[in-house]
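# Breakdown of the fold
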Amino acid sequence: MRCNLKCYMLVVFFGLLLVQASDSIGRIRSKTPKLGVKIGTGYDTNIFRVSQASDSNRVEAPRETIDANLSWWIYWDRRIKTYLSTSGRYSNYQGNSFANEWDWKAKGKTFLALIRRPRGFRPGVKWMFEFEAARKDQIYTDRALGAENFLTLNGNGADQVPLKDLLDRSSFLIGSGFDIAFNRLSSLSLEYFMENNDYKNIDNPALQNTYSLDNVGSGFVVDFVVEPTNSTKIRLSYEGTDRRYEHKLARNLARRELADQQRRYWFDKYGLTLYWDTYRFRARLSASTRFRDDSFEGYYNYVYRHIGGNLVFGLPFDMTLSLGMKNEWKDYDNLTLADQVLQNRYATFDLGLVLPISSNFDFLVTLIHDRERSTFQKFTYDRNIILGGIVFGRGRY
């Protein structure tokens, strides 16, 4: 991929940061960093999530996990501040090391106040620059290739892909925009971004083919936030993304590849999120709709809908109980498997209980049920996970 572009963007970002901070180095201050580390062990009834055959070829395994996150604010002066964060996780499956997964992400946002506070009809305005770098290593099943082609790559059954790490990837994103505060109760965020996604390749020397999901994306994000009260917030959002693949060719409705036409999509995503936050109760409810439009014949067009939420209750003795639910629908327009247009239904339910041990340590128990129902039987599965562990956190609350 374009490593030079990544390097240049990082140089630009840190250069801007140094210039902004040069006149105020003596006044730099920062908040206490927030740190969270979660170590757990438990059992996963389906580490593949998707069966390899209609009569099921799932693998069950004990599972150990470690999750960590760190974030903090740096205040260069009264007008400039930076938010930095990094997070990662690792899952180990005893006796099935080929399925071990991990991911890591680091990001930063710098805000420069052009107009510090709204006054009368004049809004407050901040310029924003952000970067994000990430790596992911995850198991590949016959479901892969971007949830498009599943068992074979060319549609004739002669070129099957073995189990390996096709979906491992690194990514880099930069973005810039403005945050506009109309008053204490409402604000608008506008951002343009560019992103590189670099996947591991699967090569077939005999056919001189490279199968990879490498792509470059660009687009913009609009967020409008209203806070009617101190405990409630409403967020309306839109995201438009242009994604262009480097190795994958477009296909017509007959599933034939179009020579010299790289696959290209346009995504429209509309979202609504509601927040409540009180002393003993927190809630987050969200809904979104995403349209994928193939820029050529539309074979892979789909509509994806999501609705979900999370509730957290404060209990006696500083314990907390969390309930989560997520339902998703993914309907393709033209992609057919087993003579049916592909439609997938997903549902995830989770229950968590946190018991405090000390000021910085908690004991956590989590139960998760995950399932999919599909018009294609191979994508129908159930999954149950139980995990118990220790959470260490400083500055989290």
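Calculation rules
- Residues numbered from 1 in each chain as written.
- Predicted model: local features only at pLDDT ≥ 70, side-chain atom pairs only at ≥ 80, totals over all residues.
- Heavy atoms only, no water.
- Helix = DSSP H or I, 4+ residues; strand = E, 2+ residues; numbered from the N terminus.
- Buried < 20%, exposed > 50% of the residue type's maximum accessible area, 1.4 Å probe, protein only.
- Contact = heavy atoms within 4.5 Å.
- Areas by Shrake-Rupley, 256 points an atom, 1.4 Å probe, with all protein chains shown as cover.
- Salt bridge = Lys/Arg side-chain N within 4 Å of Asp/Glu carboxyl O.
- Lys, Arg positive; Asp, Glu negative; His and termini not counted.
- Pairing = 2+ DSSP bridges.
- pLDDT = per-residue confidence, 0-100.
- Core = buried A, V, L, I, M, F, W, Y, C linked by side-chain atoms within 4.5 Å.
- Phe/Tyr/Trp six-rings, centres within 6.5 Å; stacked < 30°, edge-to-face > 60°.
- Lys NZ or Arg CZ within 6 Å of the ring centre and 35° of its normal.

This part takes up the overall build of the chain. Per the secondary structure count, the chain includes two helices and 19 strands. Classification of the 397 residues of the chain by burial places 40% in the buried group. Counting only contacts in the chain whose residues sit at least 6 apart along the sequence, the fraction spanning at least 24 positions is 58%. Roughly 21,700 Å² of accessible area belongs to the chain as shown, and the carbon and sulfur atoms make up 56% of that amount.

Next up on the list: the pattern of salt bridges. Inspection of every chain in the model, using the stated rule, returns ten salt bridges. Across the pair Arg264 and Asp242 runs a salt bridge whose closest N-O atoms are separated by 2.7 Å. Of this pair, Arg264 sits in strand E13 (residues 257-277) while Asp242 sits in strand E12 (residues 232-251); the two residues are 22 residues apart in sequence, bridging distant segments of the chain. Under the relative-accessibility criterion, Arg264 is labelled partly exposed at 35%. When the shortest N-O distance is used, the salt bridge between Asp331 and Arg345 registers 2.7 Å. A residue pair is termed long-range when its members are at least 10 positions apart, and Asp331 in strand E16 (residues 320-337) and Arg345 in strand E17 (residues 340-356) qualify at 14 residues. Judged by its relative accessible area of 17%, Asp331 falls in the buried class. Since its relative accessible area comes to 30%, Arg345 is described here as partly exposed.

Next up on the list: the side chain of Asp268. By the element assignment, Asp268 lies in strand E13. An unpaired buried charge is present at Asp268: no salt bridge exists, and Arg290, the closest side chain of opposite charge, is 9.6 Å distant. Beyond its immediate stretch of four places on either side in the chain, Asp268 contacts Tyr238, Glu239, Thr289, Arg290 and Phe291.

What follows is about the pairing of E12. Bridge analysis of strand E11 (residues 215-229) against E12 gives 13 bridges, and the strand direction is antiparallel. Pairing of Asn215 across the sheet is with Tyr245, part of E12. Counting the residues in the hairpin turn of E11 and E12 gives two residues. What sits between the antiparallel neighbours E12 and E13 is a turn of five residues, in which Arg255 has the positive phi angle 70°.

Another point: unusual backbone geometry. Phi angles above zero are rare outside glycine, and Asp260 is one such case at about 60°. Structurally, the position occupied by Asp260 is in strand E13. Phi angles above zero are rare outside glycine, and Phe317 is one such case at about 60°. Considering the arrangement of structural elements, one finds Phe317 in the loop between strand E15 (302-314) and E16. Residue class for Phe317 comes out exposed when judged on its relative accessible area of 73%.

Once that is clear, we can look at the confidence of the model for the chain. Regions with low pLDDT should not have their predicted coordinates read in detail. Taken over all residues, the pLDDT of the chain has a mean of 84, while the share at 70 or more is 80%. Segment residues 144-157 is flagged for pLDDT under 50; beyond a separation of four residues in sequence, or across chains, it makes 41 contacts in the model.

Below, the discussion takes up the nonpolar core. Grouped together as the largest cluster of nonpolar side chains are 15 residues, with contacts concentrated most on Leu335, Leu337 and Leu342. Elements with a contribution of two residues or more to this core: E13, E15 and E16. For this core, the leading source of residues is E16, giving three residues.

On to the pairing of E11. Across twelve bridges, strand E8 (residues 186-199) lies against E11 in antiparallel orientation. If you follow Asn197 over to E11, its bridge partner there is Asn215.

The next point concerns the side chain of Ser85. Position of Ser85 among the secondary structure elements: in strand E4 (residues 80-93). Residue Ser85 is classed as buried on the basis of its relative accessible area, which comes to 13%. If near-sequence neighbours (up to four positions away) are discounted, Ser85 is found in contact with Leu70, Ser71, Lys105, Ala106 and Lys107.

Within the secondary structure layout, Pro118 lies in the loop between strand E5 (101-115) and strand E6 (124-137). Separated by 66 residues in the primary sequence, Pro118 and Arg184 have C-alpha atoms spaced 8.1 Å apart. Setting aside residues up to four positions removed in sequence, Pro118 forms contacts with Pro123, Gly124, Ala181, Phe182 and Asn183.

Considering all chains together, one arrives at 13 aromatic pairs under this definition. Taking the centre distance of 5.0 Å and the plane angle of 75° together, the rings of Tyr299 and Tyr300 count as edge-to-face. The exposure classification of Tyr299 matches that of Tyr300, with both residues buried. By the ring-pair criterion, three or more aromatic residues cluster together here, those being Trp73, Tyr75, Tyr83 and Phe111. The ring of Tyr275 carries Lys233 above its face, with NZ or CZ at 5.0 Å from the centroid. Arg292 extends its terminal NZ or CZ atom over the ring of Tyr265, reaching a point 4.3 Å from the ring centre.

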